[in-house]
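Coordinate analysis (summary)
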Amino acid sequence: MSSVVKSRYASAEETAREYYNSPDADNFYFEVWGGEDIHVGLYRDAQERVYDASRRTVAEMAKRVPGLGPGTRVLDIGSGYGGSGRYLAHEYGCPVTALNISETENERGRQKNRDQGVNHLVEIIDGSFEDLPFEDASYDVVWSQDAILHSGDRRRVLEEAVRVLRPGGYFVFTDPMQDDRCPQEALAPILERIHLSTLGSPGFYQRTLTELGLEDLGFEDHSEMIARHYGRIREVLVNEEDNLAGTVSEGYIERMKRGLQHWVDGGRAGHLRWGIFLFRKPEEA
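Residues numbered from 1 in each chain as written. Predicted model: local features only at pLDDT ≥ 70, side-chain atom pairs only at ≥ 80, totals over all residues. Heavy atoms only, no water.

1. Regarding the confidence of the model for the protein chain
For the protein chain, the mean per-residue pLDDT works out to 92, and 96% of the residues sit at or above 70. Confidence drops under pLDDT 50 across residues 1-7; counting only partners more than four residues distant or on other chains, this segment forms seven contacts. (pLDDT = per-residue confidence, 0-100. Contact = heavy atoms within 4.5 Å.)

Below, the structure is given as structure tokens:
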């Protein structure tokens with residue numbers, strides 16, 4: 001990897017990029033986490049398929065955004081394999097720009113676009129959500145799922161999202177967070193595992209986006225899904241461990257099992273929060 005490529009991104013972003021580009025991570029997220037949606041799911045029961053629960057999150061987020069349709073321009077920041085964009089294209093006819101930092105994930109996503117016949121509606125772009133390559137007020141909806149935590153400058157990400165959002169547009173997102181009252185030391189195992197110094201919190205997002213001029217339309221709290229989702233992923237990983245031999249290293253699997261358990265423990269202890277935020281950019285006076 002050249003130093004020129006590395007210099008494009010801040011350190012936290014580059015850490016995430018290198019991680020998600022690695023064969024271990026790519027094969028794990030593609031084979032175990034569902035391969036279409038790689039975010040926290042909304043589960044009906046403890047044994048529901050990861051794919052179904054994760055797809056339900058996308059559907060519930062879409063239901064919260066008024067007026068989605070063929071004329072709605074959507075930007076998905078931190079889009080993973082682009083599954084949400086394909087859902088919006090199939091179900092609502094939305095044209096979607098999906099921006100993501102992992103070139104490996106993006107190549108998989110582009111192939112899925114072609115396979116599903118939505119290449120004309122979903123464009124996947126390599127890039128950083130801390131420096132969006134788009135004009136001001138160019139999107140009707142900015143969308144993000146469990147990605148902003150990877151930024152070392154989350155306020156900058158929010159500023160960029162607000163900048164590219166048109167007046168009257170909506171910002172809908174989820175992110176794994178710490179509870180506003182969580183003692184920082186309680187997060188140490190999680191933060192060490194994901195190479196971050198902090199997580200966001202509901203209060204941080206609500207305060208910051210209100211300061212940036214957006215109207216808070218509510219946080220739909222599903223924090224109980226943190227322990228359930230990460231526990232379900234761990235269970236699938238353990239069950240599929242033999243089948244992953246040769247595609248995901250033994251060391252990665254062992255580290256991932258420990259890391260997933262930290263998320264489960266943090267969720268059960270009440271230290272973690274997760275849910276769906278919806279904000280609106282007021283019409284210009």
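2. Some details on the packing of aromatic side chains
A full pass over the atoms with the stated rule returns 14 aromatic pairs. Ring geometry for Phe204 versus Tyr205: centroids 5.1 Å apart, planes at 65°, classification edge-to-face. For Phe204, a relative accessible area of 22% corresponds to the partly exposed category. Joined through ring pairs, the aromatic side chains of Phe171, Phe173, Phe204, Tyr205, Phe219, Phe277 and Phe279 make up one cluster. (Phe/Tyr/Trp six-rings, centres within 6.5 Å; stacked < 30°, edge-to-face > 60°. Buried < 20%, exposed > 50% of the residue type's maximum accessible area, 1.4 Å probe, protein only.)

3. Here we look at helix α11 (residues 250-268)
Spanning 19 residues, α11 covers 27 Å between terminal C-alpha atoms, matching the ideal 27 Å at 1.5 Å per step. The set of residues buried in α11 consists of Tyr252, Ile253, Met256, Lys257, Gly259, Leu260, Trp263, Val264, Gly266 and Gly267. Among the structural elements, α2 (11-21), α3 (23-31), α8 (188-194), α10 (224-240) and β8 (272-273) are those in contact with the buried residues of α11. Just downstream of α11 lies Gly270, where phi reads positive at about 80°. (Helix = DSSP H or I, 4+ residues; strand = E, 2+ residues; numbered from the N terminus. Expected span 1.5 Å × (residues − 1).)

4. So, the pairing of strand β2 (residues 96-100)
Counting buried residues along β2, five of its five residues qualify, which places the element largely inside the surrounding structure. Here β2 shows two buried faces, one formed by Val96, Ala98 and Asn100 and the other by Thr97 and Leu99. Both strand β1 (residues 74-77) and β2 contribute to a ladder of four bridges, which runs parallel. Bridging across to β2, Asp76 finds its partner in Ala98. For the segment spanning β1, helix α5 (residues 83-92) and β2, crossover handedness is right-handed. Sheet analysis places β2 next to strand β3 (residues 122-126), joined by five bridges and oriented parallel. Among the inter-strand pairings, Val96 is bridged to a residue of β3, identified as Val122. (Pairing = 2+ DSSP bridges. Right-handed = clockwise from strand over helix to strand, strands pointing away.)

5. Points about the pattern of salt bridges
Tallied over the entire structure, the rule returns 24 salt bridges. Where Lys112 meets Glu36, a salt bridge forms, and the shortest distance between an N and an O atom there is 3.1 Å. In this pair, Lys112 is assigned in helix α6 (residues 103-116) and Glu36 in the loop between α3 and α4 (50-64), connecting sequence segments 76 residues apart. Residue Lys112 is classed as buried on the basis of its relative accessible area, which comes to 18%. (Salt bridge = Lys/Arg side-chain N within 4 Å of Asp/Glu carboxyl O.)

6. Regarding the sheet that holds β3
Spatial ordering of the open sheet is given by β3-β2-β1-β4-β5-β9-β7, a layout of seven strands whose pairing is mixed. In this open sheet, the two edge strands, each paired with only one partner strand, are β3 and β7 (215-221). Across this sheet, the average inter-strand angle for adjacent strands is 15°, counted without regard to direction. Where β1 and strand β4 (residues 139-145) come together, three bridges link them in parallel fashion. Bridge pairing links Asp76 to Trp143 in β4. (Axes fitted to C-alpha atoms, helices over the stretch in contact; angles between N-to-C directions.)

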